[in-house]
Amino acid sequence: MKWLLIGFWLSVVVGVLAGGNASAVADQLKVPSGCVAADGSQAGPHGYADRVIHEKTGIEMILLPAGTFTMGTDDPITGGNLTAHQVTITRPFYVGKTEVTNGQYRRFIKARPDYKG
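Residues numbered from 1 in each chain as written. Predicted model: local features only at pLDDT ≥ 70, side-chain atom pairs only at ≥ 80, totals over all residues. Heavy atoms only, no water.

## Focus on the environment of P92
Keep this limit in mind: To qualify as a helix, a DSSP run of H or I must reach at least 4 residues; to qualify as a strand, a run of E must reach at least 2; elements of each kind are numbered from the N terminus. Working definition: with a 1.4 Å probe on protein chains only, accessible area under 20% of the residue-type maximum means buried, over 50% means exposed, and in between means partly exposed.
Structurally, P92 is set in the loop between β7 (85–89) and β8 (93–96). Classification of P92 as buried rests on a relative accessible area of 9%. Put simply, P92 and Y48 are 44 residues apart on the chain and 9.6 Å apart in space, counted from C-alpha to C-alpha.

## Let's talk about unusual backbone geometry
Phi at H46 takes a positive value of approximately 60°, unusual for a residue other than glycine. Checked against the element boundaries, H46 lands in the loop between β3 (35–37) and β4 (51–54). Judged by relative accessible area, which is 61%, H46 ranks as exposed.

## Focus on the environment of D50
Looking at the element boundaries, D50 is found in the loop between β3 and β4. With a relative accessible area of 25%, D50 lands in the partly exposed category. In this structure the C-alpha to C-alpha distance between D50 and A38, which are twelve residues apart in sequence, comes to 8.4 Å.

## Some details on the nonpolar core
Short version of the rule: Buried Ala, Val, Leu, Ile, Met, Phe, Trp, Tyr and Cys residues that are joined via side-chain atoms within 4.5 Å together make up what is termed a nonpolar core. Working rule for contacts: check all heavy atoms of both residues, and any pair within 4.5 Å makes them a contact.
L29, V31, C35, Y48, A49, V52, I59, M61, L63 and Y94 form the largest nonpolar core, which has ten residues in total. Residues within four places of V52 in sequence aside, it is in contact with V31, P32, C35, V36, A37, A38, I59, E60, M61 and Y94.

See below:
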């Protein structure tokens, strides 16, 4: 269920960053609709706050920038079964700073009764 919630947030935020509803806060940081800039936030890509808090659920999210990184490892001892490969993120997006707790999930469901995850 945690991954469904994260996937939902990613789709909402990617939509916002692609030109959806965003508003400027007093110090000119843009944030997705329904969020406020976290204390000490700085400007990230395209002027969006690098950290935001969803107003209804209190979930803190951080802005992951676009770029390329190596995922996995070729180390047979620690690698498990995920071979190292390049991953490219084409647009910045927000992701939860921590795992979603049961309490946060309940607040999310209460804030979004139309969500059918």
